[in-house]
There are 2 protein chains.
Amino acid sequence: MAVRARQSGIRDPESALRLFRKLLGDGQVHADSATLDLYAADETPRRCVPRGVLFPHDHDQVRDIVAIARATRTSLVPRGAGSGNVGGATPVPNSYVVSFECMNQIRDLDPADRVVVAQPGVVTADLDAAARAYGLFYPPNPGSAAFCRIGGNIATNAAGPRSLKYGVTRDYVLSLKAVDGRGRSLTTGSRATKSVVGYDLTRLLVGSEGTLALVTEAAIRLLPAPAETAVLQASYSSAEDACAAVGRVMRAQTVPCALEFLDERATALVREAGVNLPAAAQATLIVEADGSAEDIAVQLPLYQRALQGHGMLELAQARTPAAVATLWATRSALSGAVKRRAPLKINEDVAVPVSQLGALVSQIEKLAVTHQLEVVSFGHAGNGNLHVNVLIDPAEPGQKKRAALYLRDLFQAVLSLGGTLSGEHGIGLAKRRFVPLEVGEDTLALMWAIKQQLDPMRLLNPGKALPAVVRRRPRITLQ
Amino acid sequence: MAVRARQSGIRDPESALRLFRKLLGDGQVHADSATLDLYAADETPRRCVPRGVLFPHDHDQVRDIVAIARATRTSLVPRGAGSGNVGGATPVPNSYVVSFECMNQIRDLDPADRVVVAQPGVVTADLDAAARAYGLFYPPNPGSAAFCRIGGNIATNAAGPRSLKYGVTRDYVLSLKAVDGRGRSLTTGSRATKSVVGYDLTRLLVGSEGTLALVTEAAIRLLPAPAETAVLQASYSSAEDACAAVGRVMRAQTVPCALEFLDERATALVREAGVNLPAAAQATLIVEADGSAEDIAVQLPLYQRALQGHGMLELAQARTPAAVATLWATRSALSGAVKRRAPLKINEDVAVPVSQLGALVSQIEKLAVTHQLEVVSFGHAGNGNLHVNVLIDPAEPGQKKRAALYLRDLFQAVLSLGGTLSGEHGIGLAKRRFVPLEVGEDTLALMWAIKQQLDPMRLLNPGKALPAVVRRRPRITLQ
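Criteria and thresholds
Residues numbered from 1 in each chain as written. Chains lettered and ligands numbered in written order. Predicted model: local features only at pLDDT ≥ 70, side-chain atom pairs only at ≥ 80, totals over all residues. Heavy atoms only, no water. Pairing = 2+ DSSP bridges. Helix = DSSP H or I, 4+ residues; strand = E, 2+ residues; numbered from the N terminus. Axes fitted to C-alpha atoms, helices over the stretch in contact; angles between N-to-C directions. Contact = heavy atoms within 4.5 Å. Expected span 1.5 Å × (residues − 1). Buried < 20%, exposed > 50% of the residue type's maximum accessible area, 1.4 Å probe, protein only. Arc of directions from axis to C-beta. Phe/Tyr/Trp six-rings, centres within 6.5 Å; stacked < 30°, edge-to-face > 60°. Core = buried A, V, L, I, M, F, W, Y, C linked by side-chain atoms within 4.5 Å.

K.L.:
Explain the sheet that holds strand β17 (residues 374–380) of chain B here, please?
P.N.:
To summarise the sheet geometry, strands pair through backbone hydrogen bonds and adopt either a parallel or an antiparallel arrangement. Residue and element names in this part refer to chain B. Read from one edge of the open sheet, seven strands run β15-β12-β14-β13-β17-β18-β16, paired in antiparallel fashion. In the strand order of this sheet, the two ends are held by β15 (312–318) and β16 (344–348), each with one partner. On average, adjacent strands in this sheet sit at an angle of 15° to one another, irrespective of strand direction. Sheet analysis places strand β13 (residues 258–262) next to β17, joined by two bridges and oriented antiparallel. Bridging from a neighbouring strand, Leu-262 pairs with Phe-378 of β17. The sheet strands contacting helix α11 (residues 321–339) are β12 (228–236), β13, β14 (283–291), β15, β16, β17 and β18 (385–392), and the helix crosses β17 at an angle near 145°.

Here it is as structure tokens:
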């Protein structure tokens, strides 16, 4: 159905609701308060109740939704599983959430080409499971893989522990079908594994947080699943010693699949969860190696040697699939365990060149003391990418203010170490005001100019990813 | 020196020459006929003598060159080694070539971060050699690595045999410094190995063939050099049998470093060059495995088993570095050997999903018979990416016309197989008219809109990469 909505030029969310119902039918348009409440936020605390939630089934419906949004100047907020950490799926006033939950079909999985064509609503773990049925796998594994959706992964260029060896979402997307804010149907890239025809629109859309176009289909490259996996776990008497070991592992002659760091508090949480770690451990490293059994036998001694050194307390190894799974389950549960420790968790996601990891960890801890806050950090050490969790109780006077000052100081420290505000979570609402600290005025102006070409009416996920105004000094308040 | 050139709005290449000389001095501005002649073409036959050749030394000089070009409406044609295959560095009338040959410094090579910061004029093989001094390597290895320059690699998103396992130039560029057509200095990406802040301008510039910005510096990721390499060489009694073996190798549980195909004529050329191959061989495959000796010992039997099958005549193995080098030297020399066979070689570079490789090879050969042309094809079979070389003598009546018809039919066949016009050479001048066959009208309009944002005066490498007008049916003439 091609909707010919009147180009009124007036913001008219009520007409939009009527037109959306006409287009999709009542079953795919929900505006009851229970649903609106469910879709009012993602994993961040900020909430905004949308006008309605749309559940398109295919590309043409998405195209027609954009046509209606244009005619009624209605904001659209695309959403995968709502598991993002930066408010990327948080509605804005009078907006409609476009949920891709019903577009969850794997269209084609071709083991000869090692390509899967998926709708954006496919759960990341389901995509991986479908690939594994053919001896293949989908390498990026964000912590939320069990419930997040590939469309959200594409929007945020999601990563995870395995990205150290295998790269990020961007490295696996061959081709996209999408609808931009002008209502144009775009097809980017090629199903061939190499293509250099015109500009790389695929990677312009990957990581653009739904602000340029709504992705309706993706062709994704798969790899043969590694035959085996082994995990090493090393504990240290100080974070400094653990970071020195990270440096040694990253100078080894092979790249591990994953190299994770847990600070003192994260180590304690893992210990409380039942993992056997020395009482004196102030930091933990986890190294995963994958490949053939023979190759793992070559890799493990390299990593073992690298892990050993000043301050190492204990080195354990998980070789059986069950032992490996147990260890990773604990690591994966960290995010939730940290969250339960305080009414509000601010989850930052900074990254630095790996040689600066020790300096970053030291800054994280020093600033926690300065601003009197409880901070738990852990993450993808091999990429210099740490999740810095600031635990606060908003009811307690001054905590929010101190947290805001902490973040400002943290970001400045990260940038002075040659790092970046976000390694994998993205900018969303939460960090947009800080973007000008990292991205220069001219470069940011170019990003806005590109936004203008794809979405001149600013209907697609407004207020996300790019800062509203180029400002050298962000205001220091907490969202 | 910040040049304040008059914004005349009139195309004025003579004033440009004066201003360029004032900016750079005579030593960095050449306009003698011998130099102009040298820079009038790249590896394609089309020639156009520029007004001058500029040799900037640093970012600020490039920025000032763009300022002068804007003030005098002068076209700039960036150039690395001029080894491109699609006329990407061919001057246009009244243009100035910006040669990056003097910007050939490796600024920083940090083995702890596995990052090298290089100017665009660094020769690709020199970059790799610098990395190898630290036990690292730069994975993409285009056939021209010995003389091409990393800036040209970035402009074309260059690849090569190892891209099967290791990916392309795009996958290694972390951050770029560049000057766009508005004269803005841009800094994209981050030296951290993961960053998702704003839009991915790094990958928008990689592969844009110098039409959006002039790259002045790149931070490039390196990998630990594999300990060992082994090469298998298999010959077949038909191209069909060889393509079936490619399919089997690509279903093995590991990905080889390279998987190359040589058709009957390429096989004959290699045999003439002294490689021992059965007289009955109608096609050859080369498989390279790399990694630890133990891992290679696991990989080789998998590839050997996959290579064996209907029509295989002989399977040979090179294990010593010298034997491996000899085999690759022959493969690398193929391009030149093919070129010497005819006055004019049209080098196409199509790619299809690897499951369609057999169909592609069959089409290449069928069309050669139909159009009565000599065609030699070889290339990166694992990526479904073949270099299709049409050998013609322009003096012979009808050959150019037949070649043009051949290309039209070839491109249509490739696209109907789900493929792409170019796997790694790019579009340049040579293929721009065919782009609308692959890229839809709306998607192409978006590419032009992006070009407009970065280079509204169309001064940077005009006439390259994007077709002048969106046309469904390209005119069939040969450039």
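K.L.:
Before we go on, may I ask you to explain helix α12 (residues 357–370) of chain B in this structure?
P.N.:
Residue and element names in this part refer to chain B. If you check α12, its first and last C-alpha atoms are 20 Å apart, about what 14 residues at 1.5 Å a residue would give, namely 20 Å. Listed as buried for α12 are Leu-357, Leu-360, Val-361, Ile-364, Leu-367 and Ala-368. In a view along the axis of α12, the buried residues occupy a sector of 135°, so they form one face of it. Looking at the buried side of α12, the elements it contacts are α8 (239–249), β13, β17, β18 and α13 (399–416). Backbone geometry just downstream of α12 places Gln-372 in the positive-phi region, at approximately 50°.

K.L.:
I tried to follow the packing of aromatic side chains on my own but got confused; where do I start?
P.N.:
Remark: the centre distance and the inter-plane angle together describe each pair of aromatic rings, the angle taken between the planes. All names here are of chain A. Counted according to the given criterion, the structure contains 10 aromatic pairs over all chains. Aromatic side chains Tyr-39 and Phe-55 sit 5.9 Å apart centroid to centroid with 85° between the ring planes, which places their arrangement in the edge-to-face category. Remark: Phe-55 occurs in the loop between β2 (52–54) and α3 (59–72) and Tyr-39 occurs in the loop between α2 (33–38) and β2; sequence separation between them is 16 residues. Assessed through its relative accessible area of 9%, Tyr-39 is described here as buried. Aromatic side chains Phe-137 and Tyr-166 sit 5.3 Å apart centroid to centroid with 85° between the ring planes, which places their arrangement in the edge-to-face category. You can see Phe-137 sitting in strand β7 (residues 136–137) and its partner Tyr-166 sitting in helix α6 (residues 163–166), a full 29 residues away along the chain. When sorted by exposure, Phe-137 lands in the same class as Tyr-166, which is buried.

K.L.:
Could you clarify how one ought to interpret the nonpolar core in this entry?
P.N.:
Across soluble globular proteins, nonpolar side chains have a tendency to be buried as a group. If you look at the biggest cluster of nonpolar residues, it comprises 188 residues, and the most contacted ones within it are Phe-261 and Tyr-406 of chain A together with Phe-261 and Tyr-406 of chain B. The residues contacting Phe-261 of chain A, other than those within four sequence positions of it, are Ala-239, Ala-242, Cys-243, Ala-283, Thr-284, Leu-285, Val-361, Ser-377, Phe-378, Gly-379, Ala-381 and Leu-386 of chain A.

K.L.:
Just checking my understanding: could you explain the sheet that holds strand β3 (residues 76–79) of chain B for this structure?
P.N.:
All names here are of chain B. Sheet architecture is open: four strands sit in the order β1-β2-β4-β3, paired in mixed fashion. Edge positions in the sheet fall to β1 (29–30) and β3, since each has one partner strand and no second. Pairing of β1 with strand β2 (residues 52–54), which is carried by two bridges, proceeds in the antiparallel orientation. Along β2, the bridge assignment pairs His-30 with Val-53.

K.L.:
Explain unusual backbone geometry to me, please; I cannot follow it from the model alone.
P.N.:
Note: most peptide bonds trans; most residues except glycine with negative phi. Unusually for a residue other than glycine, Gln-372 of chain A sits at a positive phi of about 50°. Tracing the backbone shows Gln-372 of chain A in the loop between α12 (357–370) and β17 (374–380). Residue classification places Gln-372 of chain A among the exposed residues on the basis of a relative accessible area of 57%. Even without being glycine, Arg-73 of chain B reaches a positive phi, approximately 50°. Mapped onto the elements of the fold, Arg-73 of chain B is located in the loop between α3 (59–72) and β3. Judged by relative accessible area, which is 32%, Arg-73 of chain B ranks as partly exposed.

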